[in-house]
Amino acid sequence: MPSVRLLPLFCLLLVLLGCATPTTAPPPSESLYERLGGQAGVSELMGRTLTLAAADPRTRRTFEGIKLKALQESLTEQICALAGGGCRYQGETMTRVHKDLRIKPSEFDAFVEMLRQEIDHSGIDSRAKNELLRLLAPMKQAIVSP
Ligand code: HEM
């Protein structure tokens, strides 16, 4: 125990040590799925992204004749499974469902850009946005054709 005369110095040292300890934001208590707005929020986000992608000249060719409502539901279920929402994704693997579509890397990038744009308009915070994009990025390999 420091002597009484050294006590102020000792306290100052403790405060300085406390300041030097790196602080990281505490982990969020809600799942990513909840932070994305749950079933309603994710479904709306996917619906808006698909509407854009089906109309955009960079991506629309792939969506001709595709039932967007069913695709929206499947995508929502997949995000729910990936983001801790407790769903079980029951659709096809990413490789199998996209193989014959011959999606180019530039089309994938344009799709993700539209998703990013819709997230920015939705009020979802940037931490949740980045977490979602980090989950989707590794799928590019399976989705695009060389
Ligand atoms: C990270 C990006 C993507 C994810 C997570 C994703 C996910 C999915 C899912 C879950 C399905 C439905 C599978 C099923 O129900 O069995 C699907 C189908 C489909 N995806 Fe993707 N996809 C992505 C990127 C793309 C891109 C970039 C395009 C086109 C530019 C695209 C076009 C399609 C189409 C047209 C279908 C429907 C195929 C059919 O019904 O035969 N996807 N995707």
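Residues numbered from 1 in each chain as written. Predicted model: local features only at pLDDT ≥ 70, side-chain atom pairs only at ≥ 80, totals over all residues. Heavy atoms only, no water.

Undergrad: Even after reading the chapter, I still don't get the state of the cysteines, so can you show me in this structure?
TA: Disulfide: a covalent bond formed between the sulfur atoms of two cysteine residues. Going through the model one piece at a time under the given rule, you end up with one disulfide. The disulfide bridge from Cys80 ends at Cys87, spanning 1.9 Å between sulfur atoms. Judged by the torsion about the S-S bond (80 degrees), the Cys80/Cys87 disulfide is right-handed. Residue class for Cys80 comes out buried when judged on its relative accessible area of 1%. Taking the relative accessible area as the measure of exposure, Cys87 reaches 34% and is therefore partly exposed. (Disulfide = S-S within 2.5 Å. Buried < 20%, exposed > 50% of the residue type's maximum accessible area, 1.4 Å probe, protein only.)

Undergrad: How do you make sense of the site of the ligand when you look at a structure like this?
TA: With respect to spatial proximity, 20 residues lie near the ligand, and among them Leu71, Ser74, Gln78, Glu92 and His98 are the closest. Note that an oxygen atom of the ligand is positioned 2.8 Å from one of the backbone N or O atoms of Glu92. Contact between the ligand and His98: a nitrogen atom at 2.9 Å from a side-chain N or O atom of the residue. Among the detected pockets, the ligand sits in the largest pocket. Looking at the shell around the ligand, the elements with two or more residues in it are α4 (68-82), α5 (94-98) and α6 (105-122). The dominant element in the shell around the ligand, judged by the number of residues it contributes, is α4, at four residues. Partitioning the shell around the ligand into residue classes produces 14 nonpolar, five polar and one charged. (Near = heavy atom within 4 Å. Polar contact = N/O pair within 3.5 Å; in protein donor to acceptor, adjacent residues only side chain to side chain. 1 Å grid on protein atoms, 1.4 Å probe; cavity = no way out; pocket = protein on both sides within 12 Å on 5 of 7 lines; lining within 4 Å. Sits in = over half its atoms within 2 Å of the grid points. Helix = DSSP H or I, 4+ residues; strand = E, 2+ residues; numbered from the N terminus. Nonpolar A, V, L, I, M, F, W, Y, C, P; charged D, E, K, R; others polar.)

Undergrad: Mind showing me how you'd approach the coordination of the iron atom of the ligand here?
TA: Tetrahedral coordination by four donors places them ideally at 109.5 degrees to one another around the metal; octahedral coordination by six donors ideally gives 90 or 180 degrees. Its sole protein donor being His98 (NE2), the iron atom of the ligand sits 2.1 Å from that atom. Inspection of the secondary structure puts His98 in helix α5. (Donors = N, O, S within 2.8 Å, 3.2 Å for Na, K, Ca; no water.)

Undergrad: Hey, could you run me through the confidence of the model for the protein chain in this one?
TA: Caution applies to low-pLDDT regions: their predicted coordinates should not be interpreted in detail. Summary statistics for the protein chain give a mean pLDDT of 90 and a share of 84% for residues scoring 70 or more. Of the regions scoring below 50 in pLDDT, residues 10-14 engages in one contact with residues more than four places distant in sequence or in other chains. (pLDDT = per-residue confidence, 0-100. Contact = heavy atoms within 4.5 Å.)

Undergrad: In this structure, what is going on with the pattern of salt bridges? I would like to understand it.
TA: Pairs can form between side chains of opposite charge once their charged atoms are near each other. Tallied over the full model, the rule gives 10 salt bridges. A salt bridge links Glu113 to Arg58; the shortest N-O distance between them is 3.6 Å. A residue pair is termed long-range when its members are at least 10 positions apart, and Glu113 in helix α6 and Arg58 in the loop between α3 (38-55) and α4 qualify at 55 residues. Asp120 serves as the salt-bridge partner of Lys129, at 2.8 Å between the closest nitrogen and oxygen. Classification of Lys129 as buried rests on a relative accessible area of 13%. Accessibility expressed as a relative area gives 48% for Asp120, which makes it partly exposed. (Salt bridge = Lys/Arg side-chain N within 4 Å of Asp/Glu carboxyl O.)

Undergrad: How should the packing of α3 against α4 be read in this particular structure?
TA: Describing two packed helices takes the angle between their axes plus the distance from one axis to the other. Two elements in contact, α3 and α4, have axes whose closest approach is 9 Å; the angle formed by their N-to-C orientations is 135 degrees. As summarised for this structure, α3 and α4 are arranged oblique, according to the angle between their axes. As for how α3 packs across α4, the hand of that crossing is right-handed. Contact residues: α3 offers Gln39, Val42, Ser43, Glu44, Met46, Gly47, Leu50 and Ala54, while α4 offers Leu68, Leu71, Gln72, Leu75, Thr76 and Ile79. (Axes fitted to C-alpha atoms, helices over the stretch in contact; angles between N-to-C directions. Parallel < 35°, antiparallel > 145°, perpendicular 65-115°, else oblique. Left-handed = near helix turned anticlockwise from the far one by under 90°.)

Undergrad: So what exactly am I meant to see when it comes to the layout of surface pockets here?
TA: Gaps left between atoms show up when a probe the size of a water molecule is rolled over them. In this structure, the largest pocket spans a volume of roughly 640 Å³. Taken together, 28 residues form the lining of the largest pocket, with Leu71, Leu75, His98, Phe111 and Ile143 sitting closest to its centre. Mapped onto the lining of the largest pocket, the elements with two or more residues apiece are α3, α4, α5 and α6. If you tally residues by element for the lining of the largest pocket, the top one is α4, at six residues. Of the residues contributing to the lining of the largest pocket, the split by class is 20 nonpolar, six polar and two charged. (Points joined across faces, edges and corners; volume = space filled by probe spheres on them.)

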